[in-house]
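Residues per chain are reported as follows:
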Amino acid sequence: MQASSPATNELAALLRLLDDETPEVRATVTERLMQYGGDISEDLPGIPRELTRKEKSVLTEILRPARREALRNDWLVPSFGTAAMTEDWELFESLLRLLSDYLHDGITLRQPLSDALDLLAEEAQAAGVVTAEDLRTYLFVQTRLSGNRVDYYDPRNSDLAWCIAEGVSNPIGLCLIFILVGQRLDLEIEGVCFPGHFLCRFREGGHPMIVDCFDSGNIYSPDVMDDSIDQLDRQQRQALRETADPGSILLRVLNNLSDSFRRIDNEEDAELIDSLRDSLVAGAV
């Protein structure tokens, strides 16, 4: 039997102290665990026992400050903010990956965002997906992904790696997975910043079609929506005609995430997200 490494032995010892609420002990445990950078998911499988629910909850909270710090340090602001992200999907995805790592609980073993998107694209291709319509059907009609109606405001809906693993998200999270997987399959899928409910657009037979990813991939012709729904105001009608660029989508993701944190009275994380959003807006001025 292979002997445990010193690092594994130390982590196991620290985890045994999670139930000790003595201030001195808790401070020492927190200080040592901070050195793991907010994520011990790859180290936990080497621990010879299963953590209790309470231990997992305590551990996640101890690791959270390190993930906050990592997000602050790694957040990359383009020279001209969102205005510089018009077509920069690579930077956009890297920032989504930072948000995903930050929103991760730090203890669940899972794939990084880009790997999860790669694998989902491979699954879709193996299932015979060759068009955007095929991908819409595969992801949403066949319910590989669905709307998170139980926890619509859960901050994890902005963690696309979690969304892919759990199979649920909010409207913009589902649309982003649709777009990013589509890019890997050379499919042109666009975002639509419809007020209050993010949508997607692709072309079928030369005709633009609007997709509501949250509503089981329900599909509409923009002309039908434009002409038949009297309740649409000017802003909504205009949104249906425009394509959202990465910068505007990212701002919407950050606004949603900030709102989600405030709904659960997590002001510290909400203010952090606000600062990231403001850095993008300031850079665009």
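No experiment lies behind these values; they were computed from the predicted model shown.

Examining empty space enclosed by the protein
And then number 1: Here the structure, examined in full by the defined rule, presents 1 cavity of 30 Å³ or more.
And then number 2: In this structure, the largest cavity is lined by Leu-96, Asn-157, Ser-158, Leu-160, Asn-170, Ile-172, Gly-173, Leu-176 and Val-253.
And then number 3: Within the lining of the largest cavity, the residues separate by chemical class into 5 nonpolar, 4 polar and no charged.

Some details on helix H4 (residues 89-103)
And then number 1: Over its 15 residues, H4 runs 21 Å from end to end, which matches the ideal 21 Å to within 8%, given 1.5 Å per residue.
And then number 2: The buried fraction of H4 amounts to 12 of the 15 residues, a majority that puts the element mostly inside the structure.
And then number 3: Of the residues making up H4, those classed as buried are Trp-89, Leu-91, Phe-92, Glu-93, Ser-94, Leu-95, Leu-96, Leu-98, Leu-99, Ser-100, Tyr-102 and Leu-103.

Section: the layout of surface pockets
It is the rolling of a water-molecule-sized probe over the atoms that shows where space remains empty.
And then number 1: For the largest pocket, the calculated volume is near 500 Å³.
And then number 2: In terms of lining residues, the largest pocket is bounded by 22 residues, among which Leu-103, His-104, Asp-105, Arg-156 and Trp-162 are the most central.
And then number 3: Residue assignment for the lining of the largest pocket shows that the elements contributing at least two residues are helix H3 (53-74), H4 and helix H7 (160-166).
And then number 4: Split by residue class, the lining of the largest pocket holds 8 nonpolar, 4 polar and 10 charged.
And then number 5: There is about 390 Å³ of room inside the second largest pocket.
And then number 6: Along the wall of the second largest pocket there are 21 residues; nearest its centre are Gly-37, Asp-39, Ser-41, Asp-101 and His-104.
And then number 7: At the level of secondary structure, the elements contributing two or more residues to the lining of the second largest pocket comprise H3 and H4.

Observations concerning the pairing of strand E4 (residues 199-204)
And then number 1: Examined bridge by bridge, strand E3 (residues 190-192) and E4 share 3 bridges and lie antiparallel to one another. Looking at the pairing, Val-192 lines up with Leu-199 of E4.
And then number 2: Here E3 hands over to E4 after 6 residues, with Gly-196 in that stretch at a positive phi of 80°.
And then number 3: With 5 bridges joining them, E4 and strand E5 (residues 207-212) adopt antiparallel strand pairing. The residue of E5 that forms the bridge with Cys-200 is Val-211.
And then number 4: In textbook terms, the turn of a hairpin is the stretch between consecutive antiparallel strands, and for E4 and E5 this stretch comprises 2 residues, one of which, Gly-205, has a positive phi near 60°.

Description of the pattern of salt bridges
And then number 1: Within the structure shown, the criterion is met by 22 salt bridges.
And then number 2: One salt bridge in this structure joins Arg-110 and Asp-159, with 2.7 Å as the shortest N-O distance. On the criterion of sequence distance, the pair formed by Arg-110 in the loop between H4 and helix H5 (113-126) and Asp-159 in the loop between strand E1 (146-147) and H7 is long-range, its members being 49 residues apart.
And then number 3: Put simply, Arg-277 and Asp-274 hold a salt bridge, and the shortest N to O gap is 3.3 Å. With Arg-277 and Asp-274 both in helix H12 (residues 267-284), this residue pair falls 3 residues apart, about one helical turn.
And then number 4: Its relative accessible area of 22% is what places Arg-277 among the partly exposed residues.
And then number 5: Overall, Asp-274 belongs to the buried group, its relative accessible area being 12%.
And then number 6: Taken together, the shared-partner salt bridges connect Arg-262, Glu-267, Asp-274, Arg-277 and Asp-278 into one network.

Points about the sheet that holds E5
Strand pairing in a sheet relies on backbone hydrogen bonds. The paired strands run either parallel or antiparallel.
And then number 1: Read across the open sheet, the 4 strands follow the order E3-E4-E5-E6; overall the sheet is antiparallel. The sheet is open, and its two edges are formed by E3 and strand E6 (218-220), each paired on a single side. Going from strand to strand, the sheet's axes swing by 35° on average, the running direction of each strand aside.
And then number 2: In this fold helix H6 (residues 132-141) packs onto E4, E5 and E6, with an angle of close to 135° to the strand it touches most, E4.
And then number 3: Helix-sheet contacts for helix H8 (residues 171-184) involve E3, E4 and E5, and the interaxial angle to E4 is about 35°.

Some details on unusual backbone geometry
And then number 1: The phi torsion at Ser-216 lies on the positive side, around 55°, for a residue other than glycine.
And then number 2: Overall, Ser-216 belongs to the partly exposed group, its relative accessible area being 45%.
And then number 3: The backbone phi angle of Asp-265 is positive, close to 60°, even though this residue is not glycine.
And then number 4: Mapping Asp-265 onto the fold places it in the loop between helix H11 (246-263) and H12.

A word on the environment of Ser-258
And then number 1: Structurally, Ser-258 is set in helix H11.
And then number 2: With relative accessibility at 4%, the residue Ser-258 sits in the buried group.
And then number 3: As for Ser-258 and Glu-271, which are separated by 13 residues in sequence, their C-alpha atoms are 7.4 Å apart.
And then number 4: When near neighbours in sequence (up to four residues on either side) are disregarded, Ser-258 contacts Ala-270, Ile-273 and Asp-274.

About the thresholds
Residues numbered from 1 in each chain as written. Predicted model: local features only at pLDDT ≥ 70, side-chain atom pairs only at ≥ 80, totals over all residues. Heavy atoms only, no water. 1 Å grid on protein atoms, 1.4 Å probe; cavity = no way out; pocket = protein on both sides within 12 Å on 5 of 7 lines; lining within 4 Å. Points joined across faces, edges and corners; volume = space filled by probe spheres on them. Nonpolar A, V, L, I, M, F, W, Y, C, P; charged D, E, K, R; others polar. Helix = DSSP H or I, 4+ residues; strand = E, 2+ residues; numbered from the N terminus. Expected span 1.5 Å × (residues − 1). Buried < 20%, exposed > 50% of the residue type's maximum accessible area, 1.4 Å probe, protein only. Pairing = 2+ DSSP bridges. Salt bridge = Lys/Arg side-chain N within 4 Å of Asp/Glu carboxyl O. Axes fitted to C-alpha atoms, helices over the stretch in contact; angles between N-to-C directions. Contact = heavy atoms within 4.5 Å.

Fair warning: the whole summary comes from geometry, so function is off the table for now.
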